[in-house]
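Structural overview for review
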Amino acid sequence: MSTEPASAAVVDTDALTFEPSLQSILDQSSLRWIFVGGKGGVGKTTTSCSLATQLSKVRKSVLLISTDPAHNLSDAFGQKFGKEASLVEGYDNLSAMEIDPNGSIQDLLSGGEDGNGGGNGGGLEGMGGMGGMMQDLAFAIPGIDEAMSFAEVLKQVKSMSYDTIIFDTAPTGHTLRFLQFPSVLEKALAKISQLSSQFGPMLNTFMGPSGTLPNGQTLSDMTAKLESLRETISEVNTQFKDESLTTFVCVCIAEFLSLYETERMIQELTEYGIDTHSIVVNQLLFPKDGGQCEQCNARRKMQKKYLEQIEDLYMDFNVVKMPLLVEEVRGREKLERFSEMLVKPYEPPTRGL
């Protein structure tokens, strides 16, 4: 682990007060994209759901999206969500959806204009051997399969009129790759468009008198679709690197491996130019003074050591300390109670937990 503090590349530390809460995120009304991520099992979903409930109090409309294949939003709220946004029960301005970021590029490029695999059977699939060759070229680009699915989700989300979109992301490695996708796609889609132009004359063989492909789609239609997707991703990529529009909330627990991954993630986010200045430390123990539970006292001692490291490393971050509760945080009422501690620092009872 690096001993040097990792600070966000785009945070104006002189203009911020780093309180132990996420109130600054609620106050920053310009934020459109909020990512919540960290090591598996540290409470990302609970944190993202809780943050979403708080944001719903100060925003006209909020969308919570799970990109974690494990999908826990449905369990957290106690209602089933799918790939279409639907209102969370008990709210009129908070919606949620669960999408699979590992969708197929074949579904996207073989579909109609909506890119969902339906439509008129256009795209590359209906182009015979030439389409297969271009699909092979597309698949040869590292990460393109996931990235194209991510692109289609962003295209759909961008067309929705939500004030703020929160991403409950997959564990760290997937999240970092997820955030690289806009850059990957800009290059990949530009290359595919170039290939379409280069192989255009060869495609004339497949065209009838009307100048269309066997599936009824023109080459210019297909190229326009790819170019439109590339433009959307280019715009979103710019937004992700704008600190007034995007921020990343890191979630961890006070243990070595979790702190190690948090440091790695913050360094990479800084390298990507993505703002991050908030850390939520979950599952903290607050044993009562003089308590006889040896395990509780030993674990608290360990947590205290890593908390001190977190405070030393991230002096220019909002570090939020959340307690380990005796029951699961599931359902609207429990999430709302938990969410209050994200904006109002937790005060342990005098007798401890």
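Residues numbered from 1 in each chain as written. Predicted model: local features only at pLDDT ≥ 70, side-chain atom pairs only at ≥ 80, totals over all residues. Heavy atoms only, no water.

Per an unreviewed UniProt entry, the chain goes by the name ATPase GET3 and belongs to Zalerion maritima. Per UniProt, the chain has the following entry under Sequence similarities (unreviewed entry): "Belongs to the arsA ATPase family." (UniProt positions renumbered as here; feature names shortened; annotations may be inferred.)

**Observations regarding the state of the cysteines**
What we call a disulfide is simply a covalent bond connecting the sulfur atoms of a pair of cysteines. Considering all chains together, one arrives at zero disulfides under this definition. Sulfur of cysteine 250: no disulfide; nearest cysteine sulfur belongs to cysteine 252 and is 8.0 Å away. On the basis of relative accessibility, which here comes to 0%, the residue cysteine 250 falls in the buried class. (Disulfide = S-S within 2.5 Å. Buried < 20%, exposed > 50% of the residue type's maximum accessible area, 1.4 Å probe, protein only.)

**Here we look at unusual backbone geometry**
Positive phi outside glycine occurs at glutamine 283, with the angle close to 65°. Structurally, glutamine 283 is set in strand β7 (residues 278–284). (Helix = DSSP H or I, 4+ residues; strand = E, 2+ residues; numbered from the N terminus.)

**Notes on the sheet that holds strand β5 (residues 164–168)**
Reading across from one edge, β3-β4-β2-β5-β1-β6-β7-β8 is the order of the eight strands in this open sheet, with mixed pairing throughout. Both outer strands of the open sheet, β3 (86–87) and β8 (318–323), are each paired with one neighbouring strand and no more. With six bridges joining them, strand β1 (residues 33–38) and strand β6 (residues 246–253) adopt parallel strand pairing. The residue of β6 that forms the bridge with phenylalanine 35 is phenylalanine 248. Contacts between helix α10 (residues 256–272) and the sheet are confined to β1, β6 and β7, with β6 contributing the most and set at about 165° to the helix. Of the strands in this sheet, β7 and β8 touch helix α12 (residues 332–343), which is tilted by about 145° from β8. (Pairing = 2+ DSSP bridges. Contact = heavy atoms within 4.5 Å. Axes fitted to C-alpha atoms, helices over the stretch in contact; angles between N-to-C directions.)

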